[in-house]
Each structure stands twice: as structure tokens, then as C-alpha cells.
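Observations on chain architecture
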Amino acid sequence: MSGTAIVLGASSSWARALVKISPYTFSAIGIAISIGVSVLGAAWGIYITGSSLIGAAIKAPRITSKNLISVIFCEAVAIYGVIVAIILQTKLESVPASQTYAPESLRAGYAIFASGIIVGFANLFCGLCVGIIGSSCALSDAQNSSLFVKILVIEIFGSALGLFGVIVGIIMSAQATWPKVRIQPCTP
């Protein structure tokens, strides 16, 4: 009797609703998160770095050209998201309607979704990290120009966080294999 209650309760649960969402929808959301949240991280990092760079350049105008590297590092975060979104888009394949909810289709949709989330949020935090370090770099360079290279090395390590997210996302998306479409031979 308790087994029946579990089945009835599961029919109205979130898990049941998530299984009924098309794997293509999950894939599209993952691709959108990959590019959208990565661009958000880049924009936020550029905002943090740029505002400090402009403020510090008032005291020391010499810092504007060499501290633009921080803005370029932030922009690279958005490019990571675009690259992964293109890779994830190539993973989509057409399957017959009868196999849309097959376990293999669900796994592929969830893999692309998870990959997009991983890349998007890794790049969001990477953009914030690079932006904050770039801000510190601009402010400290305005005070003491010998600190620029030292802080730039730290900024490079912060930028590597986005690459780690890209690598993990690509590994996750390798699980996205859709069911094979069987072509029926024509019989006269």
C-alpha cells in the first residue's frame, strides 16, 4: 500500500514535471545560460575594473594604456561563454518524436544543460574575480608602478578560473549523445 502512495505522490512532484520537459528545452536553456551568464560576468568585471581605472587615471594618467589588459581579461570571459555555446549547439541532434523522452535523450539534454550552467557560473565568478583584481591593479599601479606586474600575475591566475569552467563544461558535454535515427529502407 505504501508503494502506491509513493507513485501517486510522485505524479505531482517536481521530479515528474522535470522529466516531462523536453530535453531540447533543457539544452536550449543550458546554451542560453552559458552565453548569457558569461557575458554578465564579463560586463560586471569590466564595470568594476573600468570604474577604478578611470578614477585612478585622474591621479596617474600613465596607467590607462597598460591597465587595459584587465578589461581585455574580462572580455575574454564573454568569449569563453560564446565558444562553449557554439560547441554545445553543435551537440544538438534531431531525434524522432517517439524517442524524444528516451533515457538517452534525457541524458543528452541534462548534460548540455549542466555544461551550460557550469560554464556560465564559472565565468560569472571569473569575471568578478578578474574585475576586482583588475581594480586593485589599477589603484595600486597609480600609487606604485612596480606593483603592476606582480598583480597582473595574480590576475592571470584569476582568469584561469574561467578556463577551468570551460574545460569542465566540455567534459560534461561529451555525455550528450542522442539516440540514433534509424533510416528505414524503401520497399517497392
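Above this text is the structure in question.
Rules behind the numbers
- Residues numbered from 1 in each chain as written.
- Predicted model: local features only at pLDDT ≥ 70, side-chain atom pairs only at ≥ 80, totals over all residues.
- Heavy atoms only, no water.
- Patch = residues over 30% accessible without salt bridge, like charges linked within 9 Å, V, L, I, M, F, W, Y side chains within 5 Å.
- Areas by Shrake-Rupley, 256 points an atom, 1.4 Å probe, with all protein chains shown as cover.
- Salt bridge = Lys/Arg side-chain N within 4 Å of Asp/Glu carboxyl O.
- Helix = DSSP H or I, 4+ residues; strand = E, 2+ residues; numbered from the N terminus.
- Axes fitted to C-alpha atoms, helices over the stretch in contact; angles between N-to-C directions.
- Parallel < 35°, antiparallel > 145°, perpendicular 65-115°, else oblique.
- Nonpolar A, V, L, I, M, F, W, Y, C, P; charged D, E, K, R; others polar.
- Contact = heavy atoms within 4.5 Å.
- Buried < 20%, exposed > 50% of the residue type's maximum accessible area, 1.4 Å probe, protein only.

Attention now moves to a nonpolar patch on the surface. On the surface, a cluster of nonpolar side chains totalling about 290 Å² of accessible area is made up of L18, V19, I21 and Y110. Its place among the elements puts I21 in the loop between α2 (14-19) and α3 (23-59).

Time to look at the packing of α3 against helix α6 (residues 103-143). Two numbers describe a pair of packed helices, the interaxial angle and the distance between the axes. Two elements in contact, α3 and α6, have axes whose closest approach is 7 Å; the angle formed by their N-to-C orientations is 0°. Accordingly, the angle class assigned to the pair α3 and α6 is roughly parallel. When the residues that make up the contact of α3 with α6 are grouped by side-chain class, the tally is 26 nonpolar, 18 polar and one charged.

Bringing the packing of helix α5 (residues 68-90) against helix α7 (residues 148-173) into the picture now. Where α5 meets α7, the closest approach of the two axes is 11 Å, and the angle between their N-to-C directions is 5°. Classed by the angle they form, the pair α5 and α7 counts as roughly parallel. Residues I69, S70, F73, Y80, V84, I87 and L88 of α5 form the contact with α7, whose participating residues are F148, L152, E155, I156, S159, G162, L163, V166, I170 and S173.

Under the criterion given, the structure shown has two salt bridges. In this structure, D141 engages R62 in a salt bridge whose closest nitrogen and oxygen atoms are separated by 3.5 Å. Placement of the pair is D141 in helix α6 and R62 in the loop between α3 and α4 (63-66), with a sequence separation of 79 residues. Judged by its relative accessible area of 0%, D141 is buried. A salt bridge links K66 to D141, with the shortest nitrogen-to-oxygen separation between them at 3.5 Å. With K66 in helix α4 and D141 in helix α6, this residue pair connects regions lying 75 residues apart in the sequence. Via salt bridges that share partners, R62, K66 and D141 belong to a single interconnected network.

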